[in-house]
Amino acid sequence: MPGQQTEVTAAGIARLAGVGRAAVSNWRRRYAHFPRPIGGTEASPTFSLAEVERWLRDQGKLAEVPLRERLWGLVAADPAGQADALARVGEQLIAHGERAPEGADPLASAAAALAAEAGPAPAFEFLLARHLDTAARQLTRTPQETAALMAALAGPADTVLDPACGPCTLLAAARAADGGPPAELYGQDTDATLVRLGGLRLALRGTPTVRAVGGDTLTAEAFPRLTADAVLCHPPFNERNWGHDQLTYDPRWEYGVPARTESELAWVQHALARLRPGGTAVLLMPPAAASRRTGRRVRAALLRRGALRAVVALPAGAAPPHSLPLHLWILRAPGASPAPDPRLLVVDTATAHRARGRGPLDWPALRRTVEDAWTAFDRDGDLPERPGTHRALPVIDLLDEDVDLAPGRHLPPPAETGGTAELAAVHQDLRATLRRTHDLAPGPAAPGEGPAGPRWTTLTIGELARTGALEIHTAPTAPAPGDVLVPLLLAAGPDGAAARVVTEDSPDSQESDGGPPDRHTCLLRPAPDALDPWFLAGFLRSTANTRQASSYASSATRVDVRRLKVPRLPLDAQRRYGRRFRDLVAFEAALRQAAGLGRTLVQGTVDGLTEGALDPGD
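Our subject in this report is the structure included herewith.

Criteria and thresholds
Residues numbered from 1 in each chain as written. Predicted model: local features only at pLDDT ≥ 70, side-chain atom pairs only at ≥ 80, totals over all residues. Heavy atoms only, no water. Helix = DSSP H or I, 4+ residues; strand = E, 2+ residues; numbered from the N terminus. Contact = heavy atoms within 4.5 Å. 1 Å grid on protein atoms, 1.4 Å probe; cavity = no way out; pocket = protein on both sides within 12 Å on 5 of 7 lines; lining within 4 Å. Points joined across faces, edges and corners; volume = space filled by probe spheres on them. Nonpolar A, V, L, I, M, F, W, Y, C, P; charged D, E, K, R; others polar. Domains from an automatic or database assignment. Phe/Tyr/Trp six-rings, centres within 6.5 Å; stacked < 30°, edge-to-face > 60°. Buried < 20%, exposed > 50% of the residue type's maximum accessible area, 1.4 Å probe, protein only. Axes fitted to C-alpha atoms, helices over the stretch in contact; angles between N-to-C directions. Parallel < 35°, antiparallel > 145°, perpendicular 65-115°, else oblique. Left-handed = near helix turned anticlockwise from the far one by under 90°.

### Section: the environment of Leu-398
Thought 1: Along the chain, Leu-398 falls in the loop between β12 (390-394) and α14 (420-440).
Thought 2: In this view, Leu-398 contacts Leu-303, Leu-344, Leu-393, Val-403, Asp-404, Leu-405 and His-410; residues no more than four positions away in its chain are not counted.

### Section: empty space enclosed by the protein
Gaps left between atoms are located by rolling a probe of water-molecule size over the structure's atoms.
Thought 1: On inspection of all chains with the given rule, the structure shows 2 cavities of 30 Å³ or more.
Thought 2: Lining the largest cavity are Val-8, Gly-12, Arg-15, Leu-16, Leu-49, Glu-69, Trp-72 and Gly-73.
Thought 3: Here the lining of the largest cavity is composed, by residue class, of 4 nonpolar, 2 polar and 2 charged.
Thought 4: Both domain 1 (1-54) and domain 2 (66-138) contribute no fewer than three residues apiece to the lining of the largest cavity.
Thought 5: What the second largest cavity holds in volume is close to 40 Å³.
Thought 6: As for the second largest cavity, its lining consists of Leu-161, Pro-163, Gln-188, Thr-217, Glu-221, Phe-223, His-270 and Arg-274.

### So, the packing of aromatic side chains
Thought 1: Following the criterion strictly, the structure yields 14 aromatic pairs and no others.
Thought 2: Seen from their ring centres, Phe-34 and Trp-55 are 4.8 Å apart, and the 70° between their planes marks the pair as edge-to-face. A residue pair is termed long-range when its members are at least 10 positions apart, and Phe-34 in the loop between α2 (21-30) and β2 (39-40) and Trp-55 in helix α3 (residues 49-58) qualify at 21 residues. Like Phe-34, the residue Trp-55 is buried in the burial classification.

### Examining the packing of helix α8 (residues 144-154) against helix α13 (residues 363-380)
Thought 1: Between α8 and α13, the least distance of the axes is 11 Å, while the angle of their chain directions is 20°. Classified by the interaxial angle, the pair formed by α8 and α13 is roughly parallel. Pair α8 / α13 crosses with right-handed handedness. Contacts between α8 and α13 involve Glu-145, Thr-146, Ala-148, Leu-149, Ala-152 and Leu-153 from the first element and Trp-363, Leu-366, Arg-367, Val-370, Glu-371 and Trp-374 from the second.

Here you go:
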């Protein structure tokens, strides 16, 4: 309503000022003139957005609130809730575009302003992405890269269905023959709120026909007569109550009634039932669906009819759950004349494109591998074998008692090296790395003050957090350069927590799309004017520190990060220690690289000798 006072939380204030939550708490304690709460609860108060902006600007902590942050603050603080406010914004942008409606409230005016600056569709995409980030722990999202790969494998299509659409990420990735959006997009999901937002997302992209509805697709199908060119789906995994008992005689089970434990095979058959003859479906599947004995009869029927055309193993981290190397199943609705000698394409990218450590996946290379293999196989019905990567298997060879379709079990292992020339290159790299480890090896250091070490006072991480010197994030939070990551579980005893600093080129950095750390990792965000991150990580890693902050209730050691201690030192002294710790980390990284090169050289030489590619010499 016009004149309504817009409220903002402490988290919203932190976003506006570009600081952490701890800094906002510190301002409230330190400054008597900080705006008083006007709502919320004692534990989570809310403040007047106008008063907060005025205070930040007066204190020189805010030059100007970015328009999109101001709009998100209004959405997040809306009394009806984020989702409802976001839906109203989407409906306004569809109805009015870049113009604010007559008598617009602050939310509508800010939405129109951002639409004028960035465009209606990008403005809504930003707000939707921010909303989904806030609910990340309750949602199973399909990453944009995975969605784009699935859409590319399905090919151009004018009519696309996603029967488990959520916020319509897969439908947004679909493409038509002319490269524009498909003419008709259909989606259904049990989460009616997400479907509403996803439908607005698609409508703002200019799709002529968008039908996105709430409801359970398997038990209450919204589009029973639809014939789609393509189906894209990331179904829920491992469901037990998917309607097995009430759907026993459903006509969709053309390839066999799925077992109660095989909900994914129900989604596969639903997708095939909604395709036109020759249409393509691409589903993201758990790896167990390719091997479980309870699904072997349905898998065998899919193979005999030529409906299942390819199984692609993705690296772990390509989609949630990120710990599993998920599969893509590519299906084709059978036409009138099945192929006389049907084959199944198996592709394994789980090893070749797996990220090193916590690094990002090499998505361009992964997409080239998968798309090139599928395009050639789909065109010719066959494909030359590439050890460790892809192979076209005669279906008859798969119809045994297991009908195991896991790609890794049907591919010969790749050679560790490309022959003597590559082995020579690995040898040279190893020698250079060993020289670097020699140069990086720490030299003798000056002694401390006696056998007990230097005499200094210490502060716990909990105390530092209370003073605003750092923030503690135990829920998944995207890391940024300067953050310190501390593992909370140590599997092999308390011999030093591998605390590490996130850098600009670190695989943990959000700039390199590493994603948030898992729930067993704590993220510490030190204030730059109070703590040096390398100093912090170095002392947190010490064996004595970890021992006193650990518990041993199980086989794994759990670290109470708030009990870890660091010395109370001025910033210049911290940086001296930090430089030393940083040099040790570089030395350790060189040792790991040397170990990896050594293993590659040994295995490559063994393979070369056993395969006859290398002569043992004298």
